[in-house]
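Examination of the molecular architecture
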Number of protein chains: 2
Amino acid sequence: MPKVSAAYKAARRDEIIDAALRCVQRDGYRGTSMAAVIAESGLSAGAIYGHFAGKQEILVAVAERVLAGRQADLEAARVDGQPLSPAALVSALVGGMRLEKATRVIPQVWAEAAVDPEIAEIAGRIFLRVHRLLRTELAAWAAAEPGRVDGDPGAWADLVVPAVIAAVPGFLVQRAILPQFDEDAFIAALPLVYRG
Amino acid sequence: MPKVSAAYKAARRDEIIDAALRCVQRDGYRGTSMAAVIAESGLSAGAIYGHFAGKQEILVAVAERVLAGRQADLEAARVDGQPLSPAALVSALVGGMRLEKATRVIPQVWAEAAVDPEIAEIAGRIFLRVHRLLRTELAAWAAAEPGRVDGDPGAWADLVVPAVIAAVPGFLVQRAILPQFDEDAFIAALPLVYRG
DNA sequence: GTCTATAATAGGATAGAC
DNA sequence: GTCTATCCTATTATAGAC
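What you are looking at is a predicted structure, and each value in this text was computed from that prediction instead of being measured. (Residues numbered from 1 in each chain as written. Chains lettered and ligands numbered in written order. Predicted model: local features only at pLDDT ≥ 70, side-chain atom pairs only at ≥ 80, totals over all residues. Heavy atoms only, no water.)

1. Things to note about the protein's contact with DNA strand D
- In the vicinity of DNA strand D there are 18 residues, among which Val4(A), Tyr8(A), Arg12(A), Ser44(A) and Met34(B) approach most closely.
- One of the side-chain nitrogen or oxygen atoms of Tyr8(A) is found 2.5 Å away from a phosphate oxygen of DNA strand D.
- One nitrogen or oxygen atom from the main chain of Lys55(B) is found 3.3 Å from a phosphate oxygen belonging to DNA strand D.
- Elements supplying a minimum of two residues to the surface near DNA strand D: helix H1 (6-27) and helix H3 (45-51) of chain A together with helix H3 (45-51) of chain B.
- Examining the composition of the surface near DNA strand D, we find that four residues originate from one element, H3(A), more than from any other.
- The residue inventory of the surface near DNA strand D, partitioned by class, reads eight nonpolar, six polar and four charged. (Near = heavy atom within 4 Å. Polar contact = N/O pair within 3.5 Å; in protein donor to acceptor, adjacent residues only side chain to side chain. Helix = DSSP H or I, 4+ residues; strand = E, 2+ residues; numbered from the N terminus. Nonpolar A, V, L, I, M, F, W, Y, C, P; charged D, E, K, R; others polar.)

In structure tokens form, the structure reads like this:
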């Protein structure tokens, strides 16, 4: 029997993750100190370190939280009936991302992933899950549109998935960096450049 | 008359930028200390601070160096004669990027740009230059293919450029993060998903 | 301009009381 | 589990000799 309920523990963890998320959104991962997370959460050093071993472990939790949202978007976009074309899938993916408030956090996670294997593993896992979902959808679409795709639908889908998913980093990076970036115009343009 | 030749000064700066680039490529911006840059360059603290005011100013120089390469790629891809389609442009852009050895540096710059206005300004400037080049090319293509594009070619190009350029972050992020990422397959897939 | 040595401090993490 | 106070290393930047 744990000393405090698992629910309490989870709630505290969530508070801390919330606070850390706001810090990273505001100042980036590099610019976020433990002192900042402590202040933002309203808790104390002791409380934080009671739930996380250190700063890196907090980013792991933040990354899991934010990246898991992307997977949810995609599952929500699945419509029964006709499978989605490349253009429709890209729109669904980016459209979901549009609602994400933590606009600047994901690029921070990617930068850290490029250098920290544990973060890379988390980011890679999400990419792979999204890959699999897209692959299924695209293979079905290719099979239903035999005139448009050469060869085996599965092989075609495997090849094409990374190019389809690429729109997501493209959207997030431009949104995070360009002050005058127009989200709605970007989404409107997707069907004009992607096939399907 | 300066005490040392401008050429000497520039060469020293370049040495330092080279060293910093290797550090950031290896450890990320956050993981790179001034001590690391000093060791990597074989110089001393005094020498470094004689040429740069601090760490941030070195990243500015690194960012300028690496991002400027992207612009060069694109200018090299311009062929006289027929303007390039969206698919052809994306392939040219990503194909150029493929040769960039500093695979992990650009995501570091983007992450820092999300949080540091001076880095954002540099990254934004490069994006805008590439935007303009693409816009010209795409407007010409649209004008030459009247059946495929509705309305004014210039307006169409303005809308479409961000979606076309999005493939670049998509490529770089996946390459930096996914251990099994296949660059050649990605490039081969581009014509399959982009129109033109 | 560049070196060595060092100052100054920021930041991650822990100790011990409650 | 959480708080306050504090330790201690890592790190940026400077001072002064050459």
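Let's pick the thread back up.
2. Observations regarding the protein's contact with DNA strand C
- If you check the shell around DNA strand C, you find 18 residues, and the closest are Met34(A), Val4(B), Tyr8(B), Arg12(B) and Ser44(B).
- When the atoms of DNA strand C within 4 Å of the protein are sorted by group, sugar and phosphate make up 68%.
- Contact between DNA strand C and Met34(A): a phosphate oxygen at 2.6 Å from a main-chain N or O atom of the residue.
- Within the side chain of His51(B), an N or O atom sits 2.8 Å from a phosphate oxygen of DNA strand C.
- Of all the secondary structure elements, the ones that give two or more residues to the surface near DNA strand C are H3 of chain A together with helix H1 (6-27) and H3 of chain B.
- In terms of residue class, the surface near DNA strand C is built from eight nonpolar, six polar and four charged.

3. Let's talk about the nonpolar core
- In terms of nonpolar packing, the biggest core is built from 140 residues, with Leu134(A), Tyr194(A), Val62(B), Leu134(B), Leu138(B) and Tyr194(B) touching the most fellow members.
- Excluding residues that lie within four positions of it along the chain, Val62(B) makes contacts with Ile17(B), Ala20(B), Leu21(B) and Val105(B). (Core = buried A, V, L, I, M, F, W, Y, C linked by side-chain atoms within 4.5 Å. Buried < 20%, exposed > 50% of the residue type's maximum accessible area, 1.4 Å probe, protein only. Contact = heavy atoms within 4.5 Å.)

4. Quick look at the pattern of salt bridges
- Counted under the stated rule, the structure contains 28 salt bridges over all chains.
- Between Arg125(A) and Glu64(A) there is a salt bridge, and its shortest N-O distance comes to 3.4 Å. Pair noted here: Arg125(A) is in helix H7 (residues 117-144) and Glu64(A) is in helix H4 (residues 55-77), with a separation of 61 residues, a long-range link.
- You can call Arg125(A) partly exposed: its relative accessible area is 31%.
- The exposure class of Glu64(A) is partly exposed, given its relative accessible area of 33%.
- A salt bridge links Glu183(B) to Arg98(B); the shortest N-O distance between them is 3.7 Å. Of this pair, Glu183(B) sits in helix H10 (residues 183-193) while Arg98(B) sits in helix H5 (residues 86-98), and the two are 85 residues apart along the sequence.
- For Glu183(B), a relative accessible area of 22% gives the class partly exposed.
- Several salt bridges share partner residues, and in doing so they unite Arg22(A), Arg26(A), Asp27(A) and Glu40(A) into one network. (Salt bridge = Lys/Arg side-chain N within 4 Å of Asp/Glu carboxyl O.)

5. As for the interface of chain B and chain A
- Every contact between the two is made by 49 residues of chain B and, on the other side, 49 residues of chain A.
- At the boundary of chain B with chain A, total buried surface from both sides reaches about 3900 Å², with 69% on carbon and sulfur atoms.
- At the boundary of chain B and chain A, one finds two salt bridges.
- Summed over the shared surface of chain B and chain A, the number is 17 residue pairs in polar contact (both at pLDDT 80 or more).
- For the side of chain B that touches chain A, the elements supplying multiple residues, two or more each, are H1, helix H6 (105-113), helix H7 (117-144), helix H8 (153-165), helix H9 (167-177) and H10 of chain B.
- Ranked by residues supplied to the side of chain B that touches chain A, first place goes to H9(B) with eight residues.
- When grouped by side-chain class, the residues that make up the side of chain B that touches chain A number 35 nonpolar, eight polar and six charged. (Buried area = accessible area lost by both parts, 1.4 Å probe.)

6. Observations regarding the UniProt feature "DNA-binding region" (unreviewed entry) in chain A
- The UniProt record annotates "DNA-binding region" (unreviewed entry) at residues 33-52 of chain A.
- Taken as a whole, residues 33-52 of chain A contains 75% helix and 0% strand, while its terminal C-alpha atoms sit 14 Å from one another. (UniProt positions renumbered as here; feature names shortened; annotations may be inferred.)

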